[in-house]
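Take a look at the letters that make up each chain.
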Amino acid sequence: TPTTYSGESSAILLALALSIYQLFETMSTSQSIKKEAPCSDPSFSRRGDSMQWMLGMILSSVFSLVYLITPTYFIVATVCAIFQYPTRTMSFAFASPILFSALFTKPMNGSPTLFRWLLPMLRYFSYEEILECSTENLFQSKRPYIIACQPHGVISYCGICGKIAAPLQIQQHVPTAVASSLLMTPILKNVMGIFGLIPASSSSLKKHFQAPVTGTNNDSIASRSVVIYVGGIAELFKSSRKEERLYLSQRKGFIKLALRENVDVIPVYLFGNTSVLTVVKTGLLANLSRKSGVSLTYFWGKYHLPIPRDEKCLYVRGLPLNLPHIPEPTDEDINKWHDIYCGEVRRLFDKYKEKVPMYKDKTLFID
């Protein structure tokens, strides 16, 4: 009867709502990235871990799918719009998400609530971090920082996890410098923009470092600091599960900028970035990727799909290099501090690689 059907439907909806509530309660109560105390009910703990793992895989895959599909979608939609295929109305409807993103939106930093929803990614990647310099001590300095991260990887999942797990001060105030082409790519700029992006050009970074001091000293230092992926898109194509290669020997511009602008440099090593995804390194799309600054080539992970592998990610932040302020640095100055930076990167890799199973037998090469 209708009454019975209504009662059954209500019961099903109620059970579904309670399941979803339990799922996200589990998600929100495991914000710590360290190992928790054993649960009194092991079966509940296992269920919670499984749900978090599944959510982490889904959330992580969203980023890789968007990164993979958006450039292709953009090209196909543009061609369809130009030739009005199959019809003018349908081609416009197909391209409308790109048009809306390009014309009416800009990258917006994510809120603490959004980062809380992304917490299952930490469980999926078994994320841990080692901070040789605490965040509290970090921003007691009188100078901003270049937080120099390597390796880039196909998508920096270790860097993403670091942002999700970071204290509010870093989440809300420290942006990441990226290629201008990424900031102009519709949809991609909105999805990746939640992590706080600025152009990586020298003029943009110089303006960022010289921004007026506002708020507390700690917030001011954080807001004038920046995350830079030193190897850039070129380093993406050095990603390998067998060996670790950094595109670094000729990357000295960030050292020169830091010396000029009285900015210190902190090395960060992102273990796991080069193993969670595998990329096609040759061919036309790979060459276009290198020139455009955006990955247009195919990559894969779990099940040979664009799903990142659930392998351990370890974020290691070293100590500040204590660069001097040299308004007009010579080549000798730049080479000296670049060598010191390379030495610190190698030290971090050699000291902590034993903590990550995929890296125990890897040797670091600096190209």
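Presented here is an overview of the structure given in this document. Going along each chain's sequence as written, the residues are numbered from 1 onward. Totals for whole chains, interfaces and linings use every residue, but because this is a predicted model, local features are given only for residues with pLDDT of at least 70 and side-chain atom pairs only at 80 or more, for both listing and counting. Hydrogens are left out, water is left out, and the side-chain values use all remaining heavy atoms of the structure.

Concerning the pairing of strand 7 (residues 264-271)
Part 1: Extensive coverage of strand 7 is indicated by the burial of eight of its eight residues.
Part 2: Buried means the residue's accessible area, taken with a 1.4 Å probe over protein chains only, is under 20% of the maximum for its type, while exposed means over 50%, and partly exposed covers the values in between. Strands here are runs of E lasting at least two residues and helices are runs of H or I lasting at least four, both read from the DSSP assignment and numbered beginning at the N terminus. Burial of the side chains of strand 7 extends over both faces: Asp264, Ile266, Val268 and Leu270 are buried on one face and Val265, Pro267, Tyr269 and Phe271 on the other.
Part 3: When DSSP locates at least two bridges between a pair of strands, those strands are taken to pair. Pairing between strand 2 (residues 145-150) and strand 7: six bridges, direction parallel. Pairing of Ile146 across the sheet is with Val265, part of strand 7.

Quick word on the environment of Phe115
Part 1: Along the chain, Phe115 falls in helix 4 (residues 112-117).
Part 2: The buried category is assigned to Phe115, whose relative accessible area is 1%.
Part 3: Counting along the chain gives 79 residues from Phe115 to Ile194, while the straight-line C-alpha distance between them is 9.0 Å.
Part 4: Whether two residues are in contact is decided by their heavy atoms, any of which lying within 4.5 Å being enough. With residues near it in sequence (within four places) discarded, Phe115 still touches Asn109, Gly110, Lys163, Ile164, Gln171, Gln172, Ile194 and Phe195.

Focus: the layout of surface pockets
Part 1: Volume-wise, the largest pocket comes out at about 1,100 Å³.
Part 2: In this analysis, the protein atoms alone were mapped onto a 1 Å grid. Cavities are point sets where a 1.4 Å probe fits without being able to get out; pockets are open sets with protein on both sides within 12 Å along at least five of seven lines; lining residues have an atom within 4 Å of a point. If you trace the largest pocket, you find 50 residues lining it, with Thr176, Ala177, Val227, Ile228 and Tyr229 closest to the centre.
Part 3: The biggest single contributor to the lining of the largest pocket is helix 14 (residues 253-261), with six residues.
Part 4: Looking at the lining of the largest pocket residue by residue, the classes come out as 30 nonpolar, eleven polar and nine charged. Grid points are joined across faces, edges and corners, and a volume is the space filled by probe spheres set on the points. In this classification, Asp, Glu, Lys and Arg are treated as charged, Ala, Val, Leu, Ile, Met, Phe, Trp, Tyr, Cys and Pro as nonpolar, and every other residue, Gly included, as polar.

What about the pairing of strand 2?
Part 1: Of all six residues making up strand 2, six are buried, and the element is well covered by its neighbours.
Part 2: Burial along strand 2 is two-sided: Tyr145, Ile147 and Cys149 and Ile146, Ala148 and Gln150, pointing in opposite directions, are all buried.

Some thoughts on the pattern of salt bridges
Part 1: Put simply, a salt bridge is a Lys or Arg side-chain nitrogen that is within 4 Å of an Asp or Glu carboxyl oxygen. The full count for this structure, using the stated rule, is 13 salt bridges.
Part 2: A salt bridge links Lys362 to Glu244, with the nearest nitrogen and oxygen atoms 3.2 Å apart. Of this pair, Lys362 sits in the loop between helix 16 (331-352) and strand 11 (364-366) while Glu244 sits in strand 6 (residues 244-246), placing them 118 residues apart in sequence.
Part 3: A salt bridge links Arg347 to Glu344; the nearest nitrogen and oxygen atoms lie 3.0 Å apart.

Re the packing of aromatic side chains
Part 1: The aromatic pairing rule takes the rings of Phe, Tyr and Trp, using the six-membered ring of Trp, and pairs them if the centres are within 6.5 Å, calling planes under 30 degrees apart stacked, those over 60 edge-to-face and the rest tilted. Within this structure, the stated rule accounts for 15 aromatic pairs.
Part 2: Ring geometry for Trp53 against Tyr124: centres 5.4 Å apart, planes inclined by 55 degrees, an arrangement best described as tilted. Here the residue Trp53 occupies a position in helix 2 (residues 42-83), and Tyr124 occupies one in helix 5 (residues 120-124), the gap between them amounting to 71 residues.
Part 3: We classify Trp53 as partly exposed; its relative accessible area is 25%.
Part 4: Here Phe100 and Phe104 contribute two aromatic rings whose centre-to-centre distance is 5.7 Å and whose plane-to-plane angle is 40 degrees, an arrangement assigned as tilted. With Phe100 and Phe104 both in helix 3 (residues 88-104), this residue pair falls four residues apart, about one helical turn.

What to know about the sheet that holds strand 5 (residues 226-229)
Part 1: The strand order across the open sheet formed by seven strands is 1-10-7-2-5-3-4, and the pairing between neighbours is mixed. The open sheet has two edge strands, strand 1 (128-131) and strand 4 (197-199), and neither has a second partner. Pairwise comparison of adjacent strand axes, ignoring direction, gives a mean angle of 30 degrees for this sheet.
Part 2: In terms of strand pairing, strand 1 meets strand 10 (residues 314-317) through four bridges, oriented parallel. Paired with Ile130 across the two strands is Val316, which belongs to strand 10.
Part 3: Every angle, taken between N-to-C directions, lies between 0 and 180 degrees, and every axis is a line fitted to C-alpha atoms, over only the stretch in contact when it is a helix. Sitting on the sheet, helix 16 touches strand 1, strand 2, strand 7 and strand 10, and the angle it makes with strand 7 is about 35 degrees.

Focus: a nonpolar patch on the surface
Part 1: Exposure above 30% relative accessible area and no salt bridge define the residues that can form patches, which grow by joining like charges within 9 Å and nonpolar side chains of Val, Leu, Ile, Met, Phe, Trp and Tyr within 5 Å. Note on areas: Shrake-Rupley with a 1.4 Å probe; residue coverage comes only from the protein chains shown. A contiguous nonpolar patch, built from Phe74, Ile75, Val79, Ile82, Phe83 and Tyr85 and spanning about 680 Å² of accessible area, is present on the exposed surface.
Part 2: Topologically, Phe83 is positioned in helix 2.
Part 3: Classification of Phe83 as exposed rests on a relative accessible area of 64%.

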